[in-house]
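Residue-level structure breakdown
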Amino acid sequence: MSKRRVVVTGMGIISPVGNDLATAWKNVVEGNSGIGPVSEFDASAYATKIAGEVRDFDPVEAYFAGSDADDDEKRSIGKDFKRMDPFIHYGIVAGTHAFRQSRLKITDENAGRVGIAAGAGIGGLHTIEATAIELRDKGPRKVSPFYVPSSIINMVAGNLSIYHGMKGPNIALVSACTTAAHNIGMAMRLIQYGDADAMLAGGAEFATTPTAMAGFCSAKAMSTRNDDPTHASRPWDTGRDGFLLSNGAGMLMLEEYEFAKARGATILAELIGFGMSGDAYHITAPSGDGAELAMRNALHDAGLKPEDVQYVNAHGTSTPVGDLGEAKAIRNVFGDHATQKGKFAVSSTKSVTGHLLGAAGGVEAIFSILAIRDGIIPPTMNLENVDPEVEALGMDLVPNKAEKADIQVVMSNSFGFGGTNGTLVFRRA
């Protein structure tokens with residue numbers, strides 16, 4: 001059987017650079033960083049004291065923004081939200097924004113054909129930490145009956161299904177920093193092969209918790225440029241010293257092309273390729289072999305040649321080993337085409353957003369689609385002195401200033417702990 005075409009009809013974002021598409025995209029294009037001092041808890045004893053937090057966010061207000069809900073409905077949702085971890089708030093709101101932008105109406109006839117694929121990399125650590133302390137201090141009878149459903153990863157998908165009446169496939173893939181990309185890719189597959197006609201897909205994360213920050217600090221994985229937070233994330237720069245933890249969510253509304261066309265939906269882009277791979281090496285492979293395989297698999301799935309791609313939104317986390325490995329992998333996949341300035345470019349939007357872990361692939365898929373829409377390649381900020389090994393590869397890394405470009409096809413990379421890799425390919429609608 002031939003695969004059905006899959007298109008994007010809605011997008012929703014919650015992030016350190018903005019909680020709506022226009023604000024987030026403006027800040028990314030202009031290079032305005034969302035990194036600042038940690039405010040969620042006292043991080044004074046931590047090696048890393050900075051992160052990308054979500055600001056000015058009221059989940060109930062954000063959920064109902066632009067709707068005509070009555071007070072009773074707002075009170076009901078508000079009561080629900082008090083029982084949820086923040087990562088679930090982010091995922092529900094971003095997913096709802098994507099769903100509403102698509103203008104898809106759920107009916108008795110189509111409800112079983114509309115589903116959700118949404119996960120998180122680490123899930124409800126905030127709730128787990130608080131509950132563990134409560135158990136220690138007050139005993140088991142004081143643990144909330146809502147503890148488990150308020151913290152488990154699949155409750156982004158579960159609650160979106162409940163609130164919007166979606167009865168189709170309901171899944172939550174978990175693959176560390178590749179989570180959102182894998183959920184989007186698997187949602188694509190479900191539509192392509194007829195298991196659903198539409199899927200909300202992406203990821204959410206609330207990672208700036210005491211234990212998560214402490215764990216990454218102990219692993220010496222994060223930047224310690226605490227006195228200069230907006231310049232701390234610097235992919236491919238010689239001064240890069242680790243990534244920055246960030247919070248948020250990125251969700252896409254995906255639909256089968258004919259299904260979307262029949263109802264007159266606005267098509268934002270077409271999702272044409274998805275590739276996966278495993279490093280089978282320690283936590284991640286420094287060689288970039290797994291990253292290379294994921295990109296090649298995505299191109300094969302899309303039926304494209306390397307020269308058909310104009311822009312790669314890189315995983316680019318600002319780590320010494322990871323950045324170099326990915327750069328070499330991109331150069332291997334795209335060959336001499338990768339050195340054609342004006343025809344091919346690579347940048348990392350993590351230079352302003354930080355690393356949203358399980359939400360990163362969703363947020364970066366959105367930036368990739370907006371790059372196609374506006375013909376703008378967002379910059380890699382803080383790239384002052386390019387790593388000589390990366391510079392020798394000859395690629396345009398879009399340093400510090402956005403570039404205009406005729407973009408038809410974009411690739412978005414996500415790679416995670418455990419050597420799990422995912423690549424998405426989008427084409428102009």
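Everything below is about the structure printed above this text.
Below: a short report on this structure. (Residues numbered from 1 in each chain as written. Predicted model: local features only at pLDDT ≥ 70, side-chain atom pairs only at ≥ 80, totals over all residues. Heavy atoms only, no water.)

If you walk through the whole model with that rule in mind, you get 11 aromatic pairs. Relative to F81, the ring of Y63 has its centre 5.9 Å away and its plane inclined at 80 degrees; by these criteria the two rings are edge-to-face. Taken as a pair, Y63 in helix α2 (residues 59-64) and F81 in helix α3 (residues 71-81) lie far apart in primary sequence, 18 residues in all. The buried category is assigned to Y63, whose relative accessible area is 3%. Between the aromatic rings of F216 and F243, the centroid separation amounts to 5.3 Å while the plane-to-plane angle is 80 degrees, which identifies the pairing as edge-to-face. Of this pair, F216 sits in helix α8 (residues 210-218) while F243 sits in the loop between α8 and β7 (248-256), placing them 27 residues apart in sequence. The two residues F216 and F243 agree in class, both being buried. An aromatic cluster is present here, built from Y63, F64, F81 and Y163 joined pairwise through their rings. Lying across the ring of Y257, R5 places its NZ or CZ 4.2 Å from the centre. Over the ring of Y63 we find R100; its NZ or CZ atom is 5.0 Å from the centre of that ring. (Phe/Tyr/Trp six-rings, centres within 6.5 Å; stacked < 30°, edge-to-face > 60°. Helix = DSSP H or I, 4+ residues; strand = E, 2+ residues; numbered from the N terminus. Buried < 20%, exposed > 50% of the residue type's maximum accessible area, 1.4 Å probe, protein only. Lys NZ or Arg CZ within 6 Å of the ring centre and 35° of its normal.)

Attention now goes to the nonpolar core. Grouped together as the largest cluster of nonpolar side chains are 46 residues, with contacts concentrated most on L252, L254 and F426. Here this core gets nine residues from one element, more than from any other, and that element is helix α13 (residues 360-374). (Core = buried A, V, L, I, M, F, W, Y, C linked by side-chain atoms within 4.5 Å.)

The next point concerns the sheet that holds strand β5 (residues 170-171). Strand pairs in the sheet, formed through backbone hydrogen bonds, run parallel or antiparallel to each other. Ordered in space as β5-β4-β6-β7-β1-β8-β14-β13-β9-β10, the 10 strands form an open sheet in which the pairing is mixed. Among the strands making up the open sheet, the edge pair consists of β5 and β10 (345-347). Where strand β1 (residues 6-14) lies against β7, eight bridges are found, and the strand directions are antiparallel. What sits directly across from M11, in β7, is L252. The sheet contacts of helix α10 (residues 289-302) involve β8 (269-278), β13 (409-416) and β14 (420-427), and relative to β8 the element is tilted by about 140 degrees. (Pairing = 2+ DSSP bridges. Contact = heavy atoms within 4.5 Å. Axes fitted to C-alpha atoms, helices over the stretch in contact; angles between N-to-C directions.)

Now for the pattern of salt bridges. For the structure on display, the rule yields 22 salt bridges. With a closest N to O distance of 2.8 Å, D137 and R136 form a salt bridge. The class for R136 is exposed, based on a relative accessible area of 62%. Across the salt bridge formed by R234 and E384, the nearest N and O atoms sit 3.0 Å from each other. (Salt bridge = Lys/Arg side-chain N within 4 Å of Asp/Glu carboxyl O.)

Okay, the environment of M186 next. Positionally, M186 belongs in helix α7 (residues 179-192). The exposure class assigned to M186 is partly exposed, which follows from its relative accessible area of 28%. The spatial distance from the C-alpha of M186 to the C-alpha of L173 is 8.7 Å, given a sequence separation of 13 residues. Ignoring sequence-local partners within four residues, the contact set of M186 consists of L173, F274 and M276.

A word on the side chain of T178. The topology assignment puts T178 in the loop between β5 and α7. A residue is classified by how much of its surface remains accessible, and T178, at 0% relative accessible area, is buried. Setting aside anything within four residues of it in sequence, one finds T178 in contact with S414, F415, G416, T420, N421 and G422.

This part is about helix α4 (residues 86-102). One full turn of an α-helix is made of 3.6 residues, so residues set three or four places apart face in the same direction. An ideal rise of 1.5 Å per residue puts 24 Å on 17 residues; α4 measures up with 25 Å between its terminal C-alpha atoms. The buried count for α4 comes to 14 of 17 residues, which makes it a mostly enclosed element. One side-chain oxygen at the N-terminal end of α4 lies 3.1 Å from the backbone nitrogen of F87; it belongs to D85. Positive phi appears at R103, one or two residues downstream of α4, with a value of about 60 degrees. (Expected span 1.5 Å × (residues − 1). Polar contact = N/O pair within 3.5 Å; in protein donor to acceptor, adjacent residues only side chain to side chain.)

With six of six residues buried, strand β4 (residues 114-119) is to be regarded as a mostly interior element. The alternating pattern of β4 places V114, I116 and A118 on one face and G115, A117 and G119 on the opposite face, and all of these are buried. Two elements, β4 and strand β6 (residues 198-205), share six bridges in a ladder whose sense is parallel. Bridging across to β6, G115 finds its partner in M199.

The subject of this paragraph is the environment of F216. Residue F216 is classed as buried on the basis of its relative accessible area, which comes to 14%. On a C-alpha basis, the gap between F216 and L244 in space is 9.7 Å, while along the polypeptide they are 28 residues apart. Contact partners of F216, with chain neighbours within four places excluded, come to A221, M222, F243, L245, L357 and F417.

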